[in-house]
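# Geometric and topological summary
Single-letter residue listing:
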Amino acid sequence: MIGRLNHVAIAVGDLAAATALYRDTLGARVSQPLPQPEHGVTVVFVELPNTKIELLEPLGAESPVAKFIARNPDGGIHHICYEVDDIIAARDRLTESGARVLGTGEPRIGAHGKPVIFLHPKDFNGTLVELEQA
Ligand code: CO
């Protein structure tokens, strides 16, 4: 059911410093910062040959990433995103198997303008999993 790894998201407390690390030290191609108030984050996309890394900095008081940074001051892997062909079919199959979808259970439009859902980390080896319709 799952396809390609779309991205790995890393929460950071200092987006400028994290961007410089990937751009200057690791030599990666990075995007301009993209504020996404509806998701409570500012994102920088790091383009790798086979996937992307997303650097997430909290944006706003209600940011879910702010709590993560409070628990992990050095930052850390926040979630991984797999592609699926049909997000509704994937959601229904997963919920039938007992997995929990976060929020209302309805797909939202994610950082790339495509429908996404998030799956509870307790059901996936302690890892927050995002599914994105390819
Ligand atoms: Co993501």
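Keep in mind it's a predicted model, so treat the numbers as computed, not measured. (Residues numbered from 1 in each chain as written. Predicted model: local features only at pLDDT ≥ 70, side-chain atom pairs only at ≥ 80, totals over all residues. Heavy atoms only, no water.)

Next up on the list: the pairing of strand S6 (residues 76-84). Pairing analysis gives six bridges linking strand S1 (residues 5-11) to S6, with the strands arranged antiparallel. Residue pairing in the sheet places Ile10 in a bridge with Ile77 of S6. Alignment of S6 against strand S9 (residues 129-133), held across five bridges, turns out to be parallel. Paired with Glu83 across the bridge in S9 is Glu132. (Pairing = 2+ DSSP bridges. Helix = DSSP H or I, 4+ residues; strand = E, 2+ residues; numbered from the N terminus.)

Here strand S7 (residues 108-109) runs beside strand S8 (residues 115-119); their pairing, made up of two bridges, is antiparallel. Following the sheet pairing, Arg108 is matched in S8 by Val116. Taken together, S7 and the strand that follows it, S8, pair antiparallel across an intervening segment of five residues, in which Gly113 is found at a positive phi of about 75°.

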